[in-house]
Amino acid sequence: MSPDFIGIGAQKAGTTWLHRNLSVHPQIFMPRKEIHYFDRKIDDRSNAVSRLLGKRPSDEQWRRQTKHWLGLHARTLSLRELLWDLNYYMRAYDDDWYASVFEPVQGRVTGEITPAYSALDKGRVARVHRLAPDAKIIFMMRNPIERLWSQAVMSFDKVEKGSAPSVSEKRLLRRIGQASFRSLTDYLRTLDTWRLFYPEERIFVGFLEDIHFFPEDFLQTVFGFLDVEPSFRPPEPERKVHARSENSMPGGVAIQLAQNYRRQMERFEEHFGGYASFWRFCAERLVADPPAEERLPYPLWNSHLWEEWTRSPEADVRRPRFQSGPLSSTELTRRDE
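The rules behind each value
Residues numbered from 1 in each chain as written. Predicted model: local features only at pLDDT ≥ 70, side-chain atom pairs only at ≥ 80, totals over all residues. Heavy atoms only, no water. Core = buried A, V, L, I, M, F, W, Y, C linked by side-chain atoms within 4.5 Å. Buried < 20%, exposed > 50% of the residue type's maximum accessible area, 1.4 Å probe, protein only. Contact = heavy atoms within 4.5 Å. Phe/Tyr/Trp six-rings, centres within 6.5 Å; stacked < 30°, edge-to-face > 60°. Helix = DSSP H or I, 4+ residues; strand = E, 2+ residues; numbered from the N terminus. Arc of directions from axis to C-beta. Pairing = 2+ DSSP bridges.

(A) Structural detail: the nonpolar core. By size, the foremost hydrophobic cluster in this structure holds 93 residues, and its most contacted members are Leu18, Leu22 and Trp279. Not counting the four nearest positions on each side in its chain, Leu22 is found in contact with Phe5, Ile28, Met30, Ile113, Val222, Phe223 and Leu226.

(B) Local environment of the packing of aromatic side chains. Considering all chains together, one arrives at 29 aromatic pairs under this definition. Relative to Phe268, the ring of Tyr187 lies with its centre 5.1 Å away and its plane at 25 degrees, an arrangement referred to as stacked. Placement of Tyr187 in helix H10 (residues 187-194) and of Phe268 in helix H13 (residues 251-272) is noted, with a sequence separation of 81 residues between them. For the pair formed by Tyr187 and Phe268, the shared burial category is buried.

(C) Region of interest: helix H8 (residues 169-176). Of the residues making up H8, those classed as buried are Leu172, Arg175 and Ile176. Viewed along the axis of H8, the buried residues span an arc of 100 degrees, placing them on a single side of the element. Looking at H8, the residues exposed on the side facing more than 90 degrees away from the buried face are Lys170 and Arg174.

(D) Local environment of the pairing of strand E3 (residues 109-113). The element E3 is extensively covered by neighbouring structure, given that 5 of its 5 residues are classed as buried. With burial as the criterion, each face of E3 is covered, one bearing Val109, Gly111 and Ile113 and the other bearing Thr110 and Glu112. Sheet topology places strand E1 (residues 5-7) next to E3; 3 bridges connect them, and they run parallel. Considered in E3, the bridge of Ile6 is made with Glu112. Both strand E2 (residues 28-29) and E3 contribute to a ladder of 2 bridges, which runs parallel. Residue pairing for E3: Ile28 is matched across the bridge by Val109.

If you want it as structure tokens, here you go:
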């Protein structure tokens, strides 16, 4: 069985929130978030014994996860979930294993979200299409300045909790400059690659701003895209997930990211308008008039930049307006008319 939909990222753009709210819909079945089949496991020829004895970082992660989930379901005496975990963790990775992750589903719509899929190359996406040719694709986007900073915070937190605010701006920017950070922010490359295999009407593009300003409208639109009951309301859809303690970001880091990604954000604005116009506005203002304060409010819709943008001469078309939808939607053509 192949999934009916696949969430492909982007990382730090609301995918955990989306997974939580999709997974509680009674007509949707989702296994654990971040299956990582197409980016990691599809060419991994290990088995349970080699993972148990192995020294790779992935082997260590597998041991932690196996101990947690098998122990949890053994204690709760949930035979069905225990059997699912045994299948998930103990089998060798192959296409049959991936299909088994979505069984049994009892007639529900099935799907997974793995943000790393947004960086897959053409050959890997072709393999996704071979296994799931009829899947619907969900891709989330976020202001690149915010996304990169959030990924940096997460990457440092994994090493030492709370360490990101204490490291130098030079070290932060060096981490952000890594190829993996850049590839996860190249939204147009991601969309161009995936629409080589999937038609635009089956590619949903979401904006983190819509989750913030219109969470219920966003979920209703996604539910409709997936052909499940759109009126279902998850508990507390407005509640944030993985909201970190940092409510600001270093001004110097924001300015450098604005300089590095300004041209890219201009291209985003050309394709999407709307929120992408705010992203470009942020970059231009940070470069042209660097803020005097050491730290900027984060996310940037909480900063003076949002107020300046919405009070511009074009405020009538720039105020928050729901924008997420299929790539073929008129809402995702040039949006500022």
